[in-house]
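Architecture and fold: a report
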Amino acid sequence: MKKIAIIPARGGSKRIPHKNIKFFFGKPIIAYAIEAALKSGLYDEVMVSTDSEEIAEVAREYGAKVPFIRSSDNSNDFATTVDVLIEVLDWYKDMDLKFDFATCIYACAPFVNAKVLNDSFEMLIKENCDCVFPILAYSHPIQRALKLSDMGKIATFDDSNSNARTQDLDKAFHDAGMFYTFDVKKLKVNKSLRTQDTFAIEIDELHAHDIDTENDWLLAELKYKLFSNEII
């Protein structure tokens with residue numbers, strides 16, 4: 001069973017300039033994803049898909065391969081993660097290199113580690129599922145979510161749970177924004193990473209953080225400073 005780690009890293013970043021190679025505790029943030037993939041010992045290939053020669057140079061410096069520069073079609077704001085993954089897998093197929101399983105690791109995922117990557121593969125094989133990815137629990141029940149009108153007036157999304165006890169409400173989760181481990185054949189059929197046969201690994205909110213804004217970055221730094229000794 002051949003495996004590949006694919007790290008998408010587009011050059012253009014509007015909210016955090018040069019986000020994928022911005023320094024995070026002494027090294028470009030993309031280095032954490034590359035190093036976790038290499039340390040896991042899982043993959044026959046660890047590669048970065050990018051449209052940027054600058055990112056490609058950094059990726060190679062930390063041990064990843066960048067065998068081609070991403071096409072312009074998959075470098076715009078409308079290209080999806082699945083589009084990028086299929087482009088990579090098809091490129092390798094044209095080179096007579098076929099992979100059975102893969103992990104898409106996001107470039108800005110400094111909390112990803114070798115253990116959780118291995119855990120995801122164990123679950124993928126055990127459950128014979130399409131995909132496995134890490135999730136975080138919402139800290140407050142989403143059934144009590146509020147919305148705000150243009151005038152500043154508060155309303156509930158669903159009044160039926162206003163008086164329910166917290167312990168009686170179903171726990172809700174969101175994507176941790178770290179990685180997806182998946183069956184390559186099933187991805188190509190489903191054209192989606194999330195299917196009816198997708199499983200998840202729950203991650204403690206102190207050991208993961210999705211980075212989209214400058215505030216996200218600062219919070220990730222605080223968490224990493226406190227818990228980096230626990231990252232394998």
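Read on for a plain summary of the structure. Remember, predicted model here, so these are calculated numbers, not experimental data.

By the secondary structure assignment, Lys 3 is in strand β1 (residues 3-8). In this structure, Lys 3 is buried with no salt-bridge partner, the nearest side chain bearing the opposite charge being Asp 44 at 5.7 Å. Apart from the residues within four sequence positions on either side, Lys 3 is in contact with Leu 42, Tyr 43, Asp 44, Glu 45, Phe 99, Phe 101 and Phe 121.

Once that is clear, we can look at a negative patch on the surface. Residues Glu 53, Glu 54, Glu 57 and Glu 61 make up a contiguous surface patch of negative charge. Mapped onto the elements, Glu 53 comes out in helix α2 (residues 53-61). According to the relative accessible area criterion, Glu 53 is exposed, its value standing at 54%.

Let us now look at the packing of helix α1 (residues 30-40) against helix α4 (residues 114-127). Relative orientation of the contacting elements α1 and α4 amounts to 60°, with a least axis distance of 8 Å. When the interaxial angle is binned, α1 and α4 end up oblique. The chirality of how α1 crosses α4 is right-handed. In contact with Ala 36, Ala 37, Lys 39 and Ser 40 of α1, α4 contributes Ala 114, Leu 117 and Asn 118.

Here we take up the packing of aromatic side chains. By the definition in use, this model includes 14 aromatic pairs. Plain terms: the ring middles of Phe 68 and Trp 91 are 5.0 Å apart, the flat faces sit at 25° to each other, and that makes the pair stacked. Remark: Trp 91 occurs in helix α3 (residues 81-94) and Phe 68 occurs in the loop between α2 and α3; sequence separation between them is 23 residues. Exposure remark for Phe 68: the relative accessible area of 12% places this residue in the buried category. We classify Trp 91 as partly exposed; its relative accessible area is 26%. Taking the centre distance of 6.3 Å and the plane angle of 90° together, the rings of Phe 101 and Phe 121 count as edge-to-face. One end of the pair, Phe 101, is in strand β5 (residues 101-105); the other, Phe 121, is in helix α4, with 20 residues separating them in the sequence. Here the two residues Phe 101 and Phe 121 agree in accessibility, since each one is buried. Through a chain of ring-to-ring contacts, three or more aromatic side chains come together here, namely Phe 24, Phe 25, Tyr 32, Phe 111, Trp 217 and Tyr 224. Over the ring of Trp 217 we find Lys 22; its NZ or CZ atom is 4.6 Å from the centre of that ring.

Bringing the pairing of strand β6 (residues 131-137) into the picture now. With seven of its seven residues buried, β6 lies for the most part within the structure. Residues of β6 alternate between two faces, with Cys 131, Phe 133, Ile 135 and Ala 137 on one and Val 132, Pro 134 and Leu 136 on the opposite face, all of them buried. Relative to strand β10 (residues 179-183), β6 runs antiparallel, the two being bridged by two bridges. Looking at the pairing, Val 132 lines up with Thr 181 of β10. Note: β6 against strand β9 (residues 173-175), three bridges, orientation antiparallel. Paired with Leu 136 across the two strands is His 174, which belongs to β9.

The next subject is α4. Here α4 spans 20 Å end to end across 14 residues, near enough to the 20 Å set by a 1.5 Å rise per residue. Residues Ala 114, Val 116, Leu 117, Ser 120, Phe 121 and Leu 124 constitute the buried set of α4. Elements in contact with the buried residues of α4: β1, α1, β5, β6, β10 and β11 (198-202). Regarding α4, its N-cap is Asn 113, as a side-chain oxygen of that residue lies 3.1 Å from the backbone nitrogen of Lys 115 further along. Note on α4: the residue one or two positions beyond its end, Asn 128, has a positive phi of about 50°.

So, how was this worked out
Residues numbered from 1 in each chain as written. Predicted model: local features only at pLDDT ≥ 70, side-chain atom pairs only at ≥ 80, totals over all residues. Heavy atoms only, no water. Helix = DSSP H or I, 4+ residues; strand = E, 2+ residues; numbered from the N terminus. Buried < 20%, exposed > 50% of the residue type's maximum accessible area, 1.4 Å probe, protein only. Lys, Arg positive; Asp, Glu negative; His and termini not counted. Salt bridge = Lys/Arg side-chain N within 4 Å of Asp/Glu carboxyl O. Contact = heavy atoms within 4.5 Å. Patch = residues over 30% accessible without salt bridge, like charges linked within 9 Å, V, L, I, M, F, W, Y side chains within 5 Å. Areas by Shrake-Rupley, 256 points an atom, 1.4 Å probe, with all protein chains shown as cover. Charge placed at Lys NZ, Arg CZ, Asp CG, Glu CD. Axes fitted to C-alpha atoms, helices over the stretch in contact; angles between N-to-C directions. Parallel < 35°, antiparallel > 145°, perpendicular 65-115°, else oblique. Left-handed = near helix turned anticlockwise from the far one by under 90°. Phe/Tyr/Trp six-rings, centres within 6.5 Å; stacked < 30°, edge-to-face > 60°. Lys NZ or Arg CZ within 6 Å of the ring centre and 35° of its normal. Pairing = 2+ DSSP bridges. Expected span 1.5 Å × (residues − 1). Polar contact = N/O pair within 3.5 Å; in protein donor to acceptor, adjacent residues only side chain to side chain.

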